[in-house]
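Survey of secondary and tertiary structure
Each chain is listed here by its residues.
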Amino acid sequence: MKSSGCGLRLFISAFCILLFVAGYFLYRSISQRGLSVPVTRFTRLREWFDDPAGHTDWAIRAGERCQEAAFVYPTNGYIGFIWGDSFRPGHRHQGLDIFGGEEAGLTPVVAAYSGYLHRLPEWKSSVIMRIPDDPLQPGRQIWLYYTHMANANGTSYISPEFPPGTEEVFVEAGTLLGYQGNYSGDPDNPTGVHLHFSIVRDDGQGSFRNELDIDNTLDPSPYFQLPLNSQTNRDVIPVCGNMQVQGLDEQDS
Ligand SMILES: [Zn+2]
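This write-up is about the structure you can find in this document. Residue positions are given per chain, counting from 1 as you read along its sequence in written order. Local features in a predicted model are, by the rule used here, given only for residues with pLDDT of at least 70; side-chain atom pairs are given and counted only at 80 or more, and totals for whole chains, interfaces and linings are based on all residues. In computing side-chain values, all of the structure's heavy atoms are included and hydrogens and water are not.

What follows covers the coordination of the zinc ion. Only His93 (NE2), Asp97 (OD) and His196 (ND1) from the protein coordinate the zinc ion, and they sit 1.9 to 2.1 Å from it. Ordering the donors of the zinc ion by residue number gives the pattern H-x3-D-x98-H. Here His93 is found in the loop between β2 (77-81) and β3 (96-99), whereas its partner His196 is found in strand β10 (residues 195-201), with 103 residues between them in sequence. When a residue's accessible area, from a 1.4 Å probe over protein chains only, is under 20% of the maximum for its type it is buried; when over 50% it is exposed; and in between it is partly exposed. Given a relative accessible area of 6%, His196 falls into the buried group. Excluding water, the donors of a metal are its N, O and S neighbours within 2.8 Å, or within 3.2 Å for Na, K and Ca, and that exclusion means sites may look incomplete. Starting at the N terminus, helices and strands are each numbered in turn, a helix being any DSSP run of H or I of at least four residues and a strand any DSSP run of E of at least two.

Here it is, written out as structure tokens:
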């Protein structure tokens, strides 16, 4: 009796240790894959919303570019969430969320690079631009996706030059595409006012891949010369001049 009780206790202790170790490795693998959003991103976003004018040094400005970057900034505001941030297990953010800090319909959205604009007939808040020649990998075709350019009810803020069904209209970098909105598809549950921007891979047949999967998108960091990759940028404000920090992080890990 005594020895079997002791064996049971030993078994339970070993089981607890095993659970603890397994939990630790699960946690580590999850955080290493960037399946989380650092707390600093939420606290900074709240500070930005509370006082945009007090944090102008956190913001990018539409049409400007960082040093020799290929892309100009597509809008004004604070880049609150970056490529690879995860809001729920198994999902990683495929682009950038840029918060203008203004009401819906006011903050301009411009083309980050020259290309050919498409808007599917059913798109209320989105446009996508075909870039025949990726500036960082010549010969490769990529697509730039812009969304949330409508109000909560789906009234579009996209420039009237680009009505639903637009195809292959050439647009220069810096051209006004529309304004930031809060359209989510559910009028009772709008997003915060922002632009979601992503770089989407081509499907090899002249169209774009499904933007909702991060594997179909590209890290925007080198295109903007900003630290926009969640795996390497955990708490640096993504503004021009901070790229070096991400570079150092990459060498360390
Ligand atoms: Zn987004």
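Counted as salt bridges are all cases of a side-chain nitrogen of Lys or Arg within 4 Å of a carboxyl oxygen of Asp or Glu. Under the defined criterion, the tally for this structure stands at three salt bridges. In this structure, Asp85 engages Arg41 in a salt bridge whose closest nitrogen and oxygen atoms are separated by 2.8 Å. Here Asp85 is found in the loop between β2 and β3, whereas its partner Arg41 is found in helix α2 (residues 39-50), with 44 residues between them in sequence. Classification of Asp85 by relative accessible area gives buried; the value is 0%.

Buried residues dominate strand β6 (residues 127-131), accounting for five of its five residues. The alternating pattern of β6 places Val127, Met129 and Ile131 on one face and Ile128 and Arg130 on the opposite face, and all of these are buried. With three bridges joining them, strand β5 (residues 115-118) and β6 adopt antiparallel strand pairing. Among the inter-strand pairings, Leu117 is bridged to a residue of β6, identified as Met129. Bridge analysis of β6 against strand β7 (residues 142-147) gives five bridges, and the strand direction is antiparallel. Of the residues in β7, the one forming a bridge with Ile131 is Ile142. One bridge is not enough; two strands pair if DSSP finds at least two bridges between them.

It is worth spelling out the layout of surface pockets at this point. There is about 360 Å³ of room inside the largest pocket. Grid points spaced at 1 Å and placed over the protein atoms alone form the basis of the search, with a cavity being a set where a 1.4 Å probe fits but cannot get out and a pocket an open set showing protein on both sides within 12 Å along at least five of seven lines. Lining residues have an atom within 4 Å of a point. In terms of lining residues, the largest pocket is bounded by 20 residues, among which Tyr145, Thr147, His148, Glu211 and Leu212 are the most central. Charged means Asp, Glu, Lys or Arg here, nonpolar means Ala, Val, Leu, Ile, Met, Phe, Trp, Tyr, Cys or Pro, and polar covers whatever is left, Gly included. In terms of residue class, the lining of the largest pocket is made up of five nonpolar, 10 polar and five charged. Grid points are joined across faces, edges and corners, and a volume is the space filled by probe spheres set on the points. Of the pockets and cavities examined, the second largest pocket occupies roughly 170 Å³. Around the second largest pocket, the lining comprises 13 residues; the ones closest to its centre are Trp48, Ala59, Arg61, Asn76 and Gly100. A breakdown of the residues in the lining of the second largest pocket according to their chemical character gives five nonpolar, six polar and two charged.

Burial runs high along β10: six of the seven residues are buried. The pairing of β3 with β10 spans three bridges and is classified as antiparallel. Within β10, the position partnered with Ile98 by the bridge is Leu195.

Here the focus is the sheet that holds strand β8 (residues 169-171). One open sheet accounts for eight strands, arranged β1-β2-β3-β10-β7-β6-β5-β8; its pairing is antiparallel. Of all strands in the sheet, those bounded by a partner on one side alone are β1 (59-60) and β8. Against the sheet, α2 touches β1, β2 and β3, its axis set at about 155° to β2. Note on contacts: a residue pair qualifies if any of its non-hydrogen atoms lie within 4.5 Å across the two residues. Only C-alpha atoms enter the line fits that serve as axes; for helices the fit covers just the stretch in contact. Angles between N-to-C directions range over 0 to 180 degrees.

Pairing of aromatic side chains requires ring centres within 6.5 Å, counting the rings of Phe and Tyr and the six-membered ring of Trp. Pairs whose planes differ by under 30 degrees are stacked, by over 60 edge-to-face, and all others tilted. Inspection of the entire model under this criterion finds 16 aromatic pairs. For the ring pair Tyr146 and Phe197, a centre distance of 5.2 Å and an interplane angle of 70° mean the geometry is edge-to-face. Within this pair, whereas Tyr146 is found in strand β7, its partner Phe197 is found in strand β10, the two being separated by 51 residues in sequence.

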